[in-house]
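Here is how the chains run, residue by residue.
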Amino acid sequence: MMQLTEISGLARLVDEEWRSPVADAVAARWGHEPGAARWWRSSASHVFVVPDAPEPDAERYLRFVPERYAAFHRFETVAALMDRLHDRGLALTPLVRSGAGRLVEPVDTPLGTMRAMCLEGAPGDEVDLDDLTEAQARAWGALLARTHDAAADLGDGLGHALDGIGRAAALFADDRDLAAAVERLAARLAALPRDPTRYGVIHGDFELDNLAWQGDTPTAFDFDEAALSWYAADVAHAVRDLTDHGRPAPEHAMLLDAFLTGYRDVRPLPDADPGQLLLFAGAGAAQSLLELHPVLATLDEGRPDDLDELRASLREHHDEQRRIVLTAAG
């Protein structure tokens, strides 16, 4: 995630109609007029929506990130992955090439150089957990399995998602329980096999809020967290709203079973018993804490008061991830 001062800096250049000269500079590379793009959200990247593009009732999304963030250097790899997966028929939102024919553009803006991409809006609507049916949960799992199959040979340039969690322990030296728990999780991961049936290209964030639905048919988007990892780790992250601190939640048991059934309808899923899913949930939470650390270290820097709500949410998220790590480590 970008630092809050970065997000606040953009927010100060957004007017009351959600327009920004920063987004205008990006949008121009895709032939959109000034003022066409409207601020949607900012987290790992800035996201603006262009309504009624390329035609009425359609939309496009501009995603861009400053050059000082790791995502800046991953944009080309992620865009190439998405483009090849779309060519293979996977149900995901396609990228739009710029006026110069590129998937990714470097853009000079009032906030410095950005790397940007543009995507078509996903067809359909979001489905909340409370409204999710078993048929949809099964389709959700099946689409993740098809993603793993389609991307199996497309890992060039991607990093290994969980290889860095061992160094998170050193960051939490003042929290001995957390540091010890992270070390135990890292040791367990190091002992796991990485054969092609278990380990390969993952989406990294296949939660419900990264899917759009037409009836029982989902379309995926937001591949920003794509990496190499265990397929079961991708499953554990995707279904974390169906769990309680990484353990299956009884009230969502049927949905979780439907998801896993849908996945296994497409491909095998080793390492997906409750104990293994808990391990991967804990490892994912440790990775989240590692990524949050530089953000939390500067949380009050410059006191961007317009982001107090986000600041509180990040602290709450940190505490939740810590609880999952401790639970998974035993």
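This text gives an overview of the structure that appears in the document. All values reported here derive from a predicted model rather than from experimental measurement.

## A short note on the nonpolar core
Item 1. One finds Phe-48, Leu-62, Leu-85, Trp-140, Leu-189 and Val-325 to be the most contacted residues of the largest nonpolar core, which totals 104 residues.
Item 2. For this core, the leading source of residues is helix α9 (residues 274-297), giving 10 residues.

## Quick look at the environment of Met-117
Item 1. By the secondary structure assignment, Met-117 is in strand β5 (residues 112-120).
Item 2. Residue classification places Met-117 among the buried positions, given a relative accessible area of 0%.
Item 3. In the structure, Met-117 is positioned 97 residues away from Gln-214 in sequence and 25 Å away in space, judged by C-alpha atoms.
Item 4. Apart from the residues within four sequence positions on either side, Met-117 is in contact with Trp-30, Tyr-61, Leu-62, Arg-63, Phe-75, Ala-79, Leu-95, Leu-103 and Val-104.

## Section: the packing of aromatic side chains
Item 1. In the structure shown here, the tally under the stated rule is six aromatic pairs.
Item 2. Here Trp-140 and Phe-259 contribute two aromatic rings whose centre-to-centre distance is 4.9 Å and whose plane-to-plane angle is 85°, an arrangement assigned as edge-to-face. Of the two residues, Trp-140 is situated in helix α4 (residues 134-150) and Phe-259 in helix α8 (residues 253-266); the sequence distance between them amounts to 119 residues.
Item 3. Taken together, Tyr-199, Trp-230 and Phe-280 form an aromatic cluster joined through their ring pairs.
Item 4. Positioned above the aromatic ring of Tyr-231, the side-chain terminus of Arg-267 is 4.4 Å from the ring centre.

## Description of the sheet that holds strand β3 (residues 59-66)
Item 1. If you trace the five strands from one edge of the open sheet to the other, you get β1-β2-β3-β5-β4, paired in antiparallel fashion. With partners counted over all chains shown, the strands left at the sheet margins are β1 (38-42) and β4 (105-109), one partner each. For this sheet the average axis-to-axis angle between neighbouring strands, irrespective of direction, equals 35°.
Item 2. Against the sheet, helix α1 (residues 4-11) contacts β1, β2 (46-51) and β3, and its axis sits at roughly 170° relative to β1.

## Details of the packing of helix α6 (residues 176-190) against α9
Item 1. Packing of α6 against α9 leaves a shortest axis separation of 10 Å and a crossing angle of 125°. Considered as vectors, α6 and α9 are oriented oblique to each other. Helix-helix and strand crossings are classified by hand; for α6 and α9 the assignment is left-handed. Contact residues: Leu-178, Val-182, Leu-185, Arg-188 and Leu-189 in α6; Leu-279, Phe-280, Gly-282, Ala-283, Ala-286 and Leu-289 in α9.
Item 2. By residue class, the composition of the contact of α6 with α9 is nine nonpolar, one polar and one charged.

## Structural notes on the pattern of salt bridges
Item 1. Within the structure shown, the criterion is met by 19 salt bridges.
Item 2. We note a salt bridge from Asp-224 to Arg-63, for which the minimum N-O separation is 2.4 Å. One end of the pair, Asp-224, is in the loop between β8 (217-220) and β9 (227-230); the other, Arg-63, is in strand β3, and 161 residues separate them in sequence.
Item 3. Asp-195 is the salt-bridge partner of Arg-198, the closest N and O atoms lying 2.8 Å from each other.
Item 4. Take Arg-198: its relative accessible area is 25%, and that puts it in the partly exposed class.
Item 5. Judged by its relative accessible area of 23%, Asp-195 falls in the partly exposed class.
Item 6. The network of salt bridges with shared partners includes Arg-41, Arg-63, Asp-222 and Asp-224.

## Structural notes on the pairing of β5
Item 1. Looking at chain direction, β3 and β5 are connected through seven bridges and run antiparallel. Its bridge partner being in β5, Tyr-61 is matched across the sheet by Leu-119.
Item 2. Pairing geometry for β4 and β5, over five bridges, is antiparallel. Residue pairing across strands places Pro-106 opposite Arg-115, the latter belonging to β5.
Item 3. Connecting β4 to the antiparallel partner β5 that follows it, the hairpin turn spans two residues.

## A look at the packing of helix α7 (residues 231-238) against α9
Item 1. Across the interface, α7 lies against α9 with an axial gap of 8 Å and an inter-helix angle of 75°. Relative to α9, the element α7 lies roughly perpendicular. Each of Ala-232, Ala-233, Val-235 and Ala-236 in α7 lies in contact with α9, whose residues at this interface are Leu-277, Phe-280 and Ala-281.
Item 2. When the residues that make up the contact of α7 with α9 are grouped by side-chain class, the tally is seven nonpolar, no polar and no charged.

## Observations concerning the side chain of Glu-6
Item 1. Structurally, Glu-6 is set in helix α1.
Item 2. Every residue in contact with Glu-6, bar those within four places of it in the chain, is listed here: His-46, Pro-66, Arg-68 and Tyr-69.

## Considering the pairing of β8
Item 1. Where strand β7 (residues 211-214) meets β8, four bridges bridge the pair, whose relative direction is antiparallel. Among the inter-strand pairings, Ala-212 is bridged to a residue of β8, identified as Thr-219.
Item 2. What sits between the antiparallel neighbours β7 and β8 is a turn of two residues, in which Gly-215 has the positive phi angle 65°.

## With respect to a negative patch on the surface
Item 1. A contiguous patch of negative charge, built from Asp-125, Glu-126, Asp-128, Asp-130, Asp-131, Asp-209 and Asp-241, is present on the exposed surface.
Item 2. Checked against the element boundaries, Asp-241 lands in the loop between α7 and β10 (243-244).

What counts, and at which threshold
- Residue indices begin from 1 for each chain and proceed along its sequence in written order.
- pLDDT decides what is reported in this predicted model: residues at 70 or higher carry local features, side-chain atom pairs at 80 or more are listed and counted, and totals for whole chains, interfaces and linings draw on all residues regardless.
- For the side-chain quantities, the full set of heavy atoms in the structure was used; hydrogens and water were omitted.
- Among the buried residues, those of types Ala, Val, Leu, Ile, Met, Phe, Trp, Tyr and Cys that are joined through side-chain atoms within 4.5 Å form a nonpolar core.
- Relative accessibility under 20% of the residue-type maximum defines a buried residue, over 50% an exposed one, and the middle range a partly exposed one, all with a 1.4 Å probe and only protein chains included.
- Elements are defined by DSSP. Helices are runs of H or I of four residues or more, strands are runs of E of two residues or more, and each kind is numbered from the N terminus.
- By definition in these notes, contact holds between two residues if any of their heavy atoms fall within 4.5 Å.
- The aromatic pairing rule takes the rings of Phe, Tyr and Trp, using the six-membered ring of Trp, and pairs them if the centres are within 6.5 Å, calling planes under 30 degrees apart stacked, those over 60 edge-to-face and the rest tilted.
- As a reminder, the over-ring test applies to NZ of lysine and CZ of arginine, requiring each to be within 6 Å of the ring centre and within 35 degrees of the ring normal.
- Each pair of strands is called paired provided DSSP finds at least two bridges between the two strands.
- An axis is simply a line fitted to the C-alpha atoms; with a helix, the fit covers only the stretch in contact. Between two such axes, the angle follows the N-to-C directions and lies from 0 to 180 degrees.
- Roughly parallel refers to an angle under 35 degrees, roughly antiparallel to one over 145, roughly perpendicular to one between 65 and 115, and oblique to any angle outside these ranges.
- Working rule for handedness: look at the near helix, and if it is turned counterclockwise from the far one by less than a right angle, call the crossing left-handed; if clockwise, right-handed.
- Note on residue classes: Ala, Val, Leu, Ile, Met, Phe, Trp, Tyr, Cys and Pro are nonpolar, Asp, Glu, Lys and Arg are charged, and everything else, Gly too, is polar.
- A pairing counts as a salt bridge when a side-chain nitrogen of Lys or Arg comes within 4 Å of a carboxyl oxygen of Asp or Glu.
- Distance thresholds for patches are 9 Å for like charges and 5 Å for nonpolar side chains (Val, Leu, Ile, Met, Phe, Trp, Tyr), applied to residues having over 30% relative accessible area and no salt bridge.
- In this description, accessible areas are obtained by the Shrake-Rupley approach with a 1.4 Å probe, and a residue is regarded as covered only by the protein chains that are shown.
- Under this rule, positive means Lys or Arg and negative means Asp or Glu; His and the chain ends count for nothing.
- Throughout, a charge is located at the NZ atom of Lys, the CZ atom of Arg, the CG atom of Asp or the CD atom of Glu.

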